[in-house]
Amino acid sequence: MKSRKRAIVLLCTPLASAAIVVGLVLFFRNNALLVSQLAQVEAVTVRHRDAMIPLLLIALGLLSFIALLLGYTYKMREAQRALEFILTHNPLTGLPNRVPAENLLQTLIDEARDFTIITIDIEDLKSINDYYSRACGDLLLKKLGERLKTLEEGTSCRVFRFTSDEFTLVLSDIKLEPNSAELYSLRQLLSDPYMVDENPIFIKTSIGVTVSDPRIRDFETYFSDADIAMYEAKKQGTNKTAFFTDDIRVAVQKKQRTVKDIEYACQNGGFYVVFQPQIDVKTGDIYGYEALARLKLTKGGEERLIPPIDFIPAAEKSGYINKIGRIVTEKTIKHMVAWRRNGFALRKVSINYSVGQITDKGYVNYLSDLLEENAIPPDLICIEITESLFLANRKQAMELFDQFRAIGVQLALDDFGTGYSSLSYLAYLPVSTVKIDKSMIDTYLSQEGKSQFIKNIVNLVHSLDMALTVEGIEEEWQYKKICEFGGDHIQGYYFSKPIEADKVESYTPQLQQHG
């Protein structure tokens, strides 16, 4: 059909042009005769009809051009409408995208009307794509979009799709509450299976909700708040719903301030390193140290300490963890050089490697260059990894572990007991040490009949030819229990808090009672 229309256009264009040219030539050629005849207002004769031919040809040509112009105008309007649709709609689902959502929300804000924004995230879309296929996942998204679209029937709800695994709902003239019937109906709608290629697929979703607030006048903040609430729902578990609250806002603002503090500290030398001794259980001597990052801000003559529990998560989320990781590594190596210069016998130092640092592709080479430049033996460095690093991307993690081993440093599995704690993967992780987290000691060591669990872990680790370090030892009875169970190293306040670098050389292990 399109080719036929194009052929007609191509044919009409030269014919119209020819008609106008011929008509003009004949018109000017016979113009005098035509004017004379018209002036006399006589009856039209054959000769007069011949004189009218040029005008008719001109009219025919003009009409042809007008028809072509109208056709082109229609086509341009069609193309413009198609382009507008592409720019304002999601190509897969056909749902409106962020642009019309922003326009709708700004209108509601300007008119001071109530509204609710709901962000729906599909938690397991990647797993569905991997298990079935990407095409299957796309079909699921289409069906979900169609199902959500039914919510618009007879209501003020409008459905949008912003990103691959997120849908957004805007409800005008209503402020939902946690127990609203609309949210219950939405949950029911999402929980029903989706038939894709005759396969019933159940999805897991996290829902974030925010409502209109007279204090907020821009749509960006609302969309951001709904996203933050959605991530809060993710923290609570599977298929959870969370509302954005003032408490969440305060926490977000605190994190934003912390990120700014981190940025300032990176540029102005605000990070320093302290070292917590690790004690050999059998001899009571120092086995090594764990290097720990600390953040001290100095502004306007005032000093302020930011605890690791605040700046580490903020650094991981903001991407500054890579910068901090390198700062801590360099400072640790420099301290070891200074100790050696002072005649201090170097011992193994453990450096924490965050899951976020896996994006720092040059870290291993950076560490290797530092060790070589400062003549520090690689076997004096132990990189502490967590199981979350391995579980996030096993292939990438194993390649990283091989790179560490290739330069001669050792690996330790840190925080064992805080995550999945699968004993099965200990057999093939290339670590030389396993560190039991303080939470496991607090949970099992103190309870009658459960302390055997800790002993079993000690035996298992030893059977894999690995050493065991126990963190969080604060009391004498805990120390004696670990000695009885055959643990290798102790780390905790019972021996020492983390100490400044200039105190390391003079530190002597002393058993203390901390109460």
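Predicted, not measured: the structure shown is a model, and the values here were computed from it. (Residues numbered from 1 in each chain as written. Predicted model: local features only at pLDDT ≥ 70, side-chain atom pairs only at ≥ 80, totals over all residues. Heavy atoms only, no water.)

Chemist: For this particular structure, what's the right way to read the overall build of the chain?
Modeler: Scanning the chain for helices and strands turns up 17 helices and 17 strands. In the chain, which comprises 515 residues, the share counted as buried stands at 40%. In the chain, the proportion of contacts linking residues at least 24 apart, taken out of those at least 6 apart, comes to 67%. Roughly 27900 Å² of accessible area belongs to the chain as shown, and the carbon and sulfur atoms make up 55% of that amount. (Helix = DSSP H or I, 4+ residues; strand = E, 2+ residues; numbered from the N terminus. Buried < 20%, exposed > 50% of the residue type's maximum accessible area, 1.4 Å probe, protein only. Contact = heavy atoms within 4.5 Å. Areas by Shrake-Rupley, 256 points an atom, 1.4 Å probe, with all protein chains shown as cover.)

Chemist: How do you make sense of the nonpolar core when you look at a structure like this?
Modeler: Within soluble globular proteins, side chains that are nonpolar generally end up buried alongside one another. Counting residues in each nonpolar core, the largest one holds 80 residues, and the members touching the most others are Ile262, Phe271, Phe275, Tyr353, Ile383 and Phe404. With 8 residues, the top contributor of residues to this core is helix α11 (residues 321-341). For Phe275, the contacting residues outside a window of four places in its chain are Tyr289, Glu290, Ala291, Thr332, His335, Trp339, Val349, Lys497, Pro498, Ile499, Ala501 and Val504. If you look at the next biggest cluster of nonpolar residues, it comprises 28 residues, including Leu141, Leu171, Leu190 and Phe243. (Core = buried A, V, L, I, M, F, W, Y, C linked by side-chain atoms within 4.5 Å.)

Chemist: Which parts of the structure should I look at to understand the packing of aromatic side chains?
Modeler: Here the distance between the centres and the angle between the planes together describe a pair of aromatic rings. Under the defined criterion, the tally for this structure stands at 15 aromatic pairs. A ring pair is formed by Phe162 and Phe223, whose centres lie 5.3 Å apart and whose planes are at 85 degrees; its orientation type is edge-to-face. Of this pair, Phe162 sits in strand β2 (residues 157-163) while Phe223 sits in helix α8 (residues 219-236), and the two are 61 residues apart along the sequence. With centroids separated by 5.0 Å and ring planes inclined at 70 degrees, the aromatic side chains of Phe275 and Trp339 adopt a geometry described as edge-to-face. One end of the pair, Phe275, is in strand β8 (residues 271-280); the other, Trp339, is in helix α11, with 64 residues separating them in the sequence. Seen from the ring of Tyr264, Lys299 lies directly overhead, with NZ or CZ sitting 4.5 Å from the centre. Positioned above the aromatic ring of Tyr366 is the side chain of Arg326, whose terminal nitrogen or guanidinium carbon lies 4.6 Å from the ring centre. (Phe/Tyr/Trp six-rings, centres within 6.5 Å; stacked < 30°, edge-to-face > 60°. Lys NZ or Arg CZ within 6 Å of the ring centre and 35° of its normal.)

Chemist: Which parts of the structure should I look at to understand the pattern of salt bridges?
Modeler: On inspection of all chains with the given rule, the structure shows 24 salt bridges. Among the ionic pairs, Asp246 bridges to Arg215, the shortest N-O distance being 3.3 Å. Of this pair, Asp246 sits in helix α9 (residues 246-268) while Arg215 sits in the loop between β6 (205-211) and α8; the two residues are 31 residues apart in sequence, bridging distant segments of the chain. Note that Lys503 and Asp502 form a salt bridge whose closest N and O atoms lie 3.6 Å from each other. Under the relative-accessibility criterion, Asp502 is labelled exposed at 58%. The structure contains a network of salt bridges with shared partners spanning Glu290, Glu384, Lys435 and Glu471. (Salt bridge = Lys/Arg side-chain N within 4 Å of Asp/Glu carboxyl O.)

Chemist: Teacher, can you tell me more about the confidence of the model for the chain here?
Modeler: For the chain, per-residue confidence averages 85 on the pLDDT scale, and 83% of positions sit at 70 or higher. Low pLDDT (under 50) marks residues 1-13, which in the prediction has 5 contacts with non-local residues, meaning those over four places away or in another chain. Note that pLDDT drops below 50 for residues 21-35; the model gives that stretch 15 contacts with residues more than four away or on any other chain. (pLDDT = per-residue confidence, 0-100.)

Chemist: Can you help me understand the environment of Val504 in this one?
Modeler: Position of Val504 relative to the elements: it lies in the segment after β17 (499-500). For Val504 and Phe275, which are 229 residues apart along the polypeptide, the C-alpha to C-alpha distance reads 7.5 Å. When neighbours within four sequence positions are excluded, Val504 is seen to be in contact with Phe275, Tyr289, Trp339, Phe344 and Ile499.

Chemist: What's the story with unusual backbone geometry in this structure? I'm lost.
Modeler: What is expected of a backbone is that most residues other than glycine have negative phi and most peptide bonds are trans. A positive phi angle is found at Asn239, which is not glycine, with a value near 55 degrees. On the secondary structure map, Asn239 appears in the loop between α8 and β7 (241-243). Phi is positive for Asp465, close to 60 degrees, though the residue is something other than glycine. As for its position among the elements, Asp465 is in the loop between α16 (451-463) and β15 (467-471).

Chemist: Would you explain empty space enclosed by the protein in this entry?
Modeler: In this approach a probe as big as a water molecule rolls over the atoms, and the regions it shows empty are the leftover space. In the structure shown here, the tally under the stated rule is 1 cavity of 30 Å³ or more. Quantified by volume, the largest cavity comes out at close to 70 Å³. Lining the largest cavity we find 13 residues, and of these Gln278, Tyr287, Ser350, Cys382 and Thr433 sit closest to its centre. Among the elements of the structure, β11 (348-352), β12 (381-386), β13 (410-416) and β14 (433-436) are those that each provide at least two residues to the lining of the largest cavity. Among the residues making up the lining of the largest cavity, the classes are represented as 3 nonpolar, 7 polar and 3 charged. (1 Å grid on protein atoms, 1.4 Å probe; cavity = no way out; pocket = protein on both sides within 12 Å on 5 of 7 lines; lining within 4 Å. Points joined across faces, edges and corners; volume = space filled by probe spheres on them. Nonpolar A, V, L, I, M, F, W, Y, C, P; charged D, E, K, R; others polar.)

Chemist: Help me understand the pairing of β8, please; the structure alone is not making it clear to me.
Modeler: Side-chain positions along a regular strand alternate between the two faces of the sheet. Of all 10 residues in β8, 8 are buried, a share of seventy percent or more. Of the pairings in the sheet, the one linking β8 to β17 comprises 2 bridges and is antiparallel in character. Counterpart to Val274 in the pairing with β17 is Glu500. In terms of strand pairing, β8 meets strand β16 (residues 489-491) through 2 bridges, oriented antiparallel. For Ile279, the partnering residue across the bridge sits in β16 and is Ile490. (Pairing = 2+ DSSP bridges.)

Chemist: Teacher, can you tell me more about the pairing of β14 here?
Modeler: In β14, alternate side chains face the same way, and those of Thr433 and Lys435 on one face and Val434 and Ile436 on the other are all buried. Pairing between β13 and β14: 3 bridges, direction parallel. Residue pairing in the sheet places Ala412 in a bridge with Thr433 of β14. As paired strands, β14 and β15 are joined by 4 bridges and run parallel to one another. The residue bridging Ile436 from the neighbouring strand is Val470, located in β15.

Chemist: Looking at this structure, I do not really get helix α17 (residues 476-485). What am I missing?
Modeler: Each α-helix winds once per 3.6 residues, and so residues spaced three or four apart point in a common direction. Taken residue by residue, α17 has Gln478, Tyr479, Ile482 and Phe485 as its buried positions. Taken around the axis of α17, the buried residues stretch over an arc of 130 degrees, which confines them to a single face. Among the exposed residues of α17, those pointing more than 90 degrees away from its buried face are Lys480 and Glu484. Looking at the packing, one finds that the buried side of α17 touches α15 (438-445), α16, β15 and β16. (Arc of directions from axis to C-beta.)

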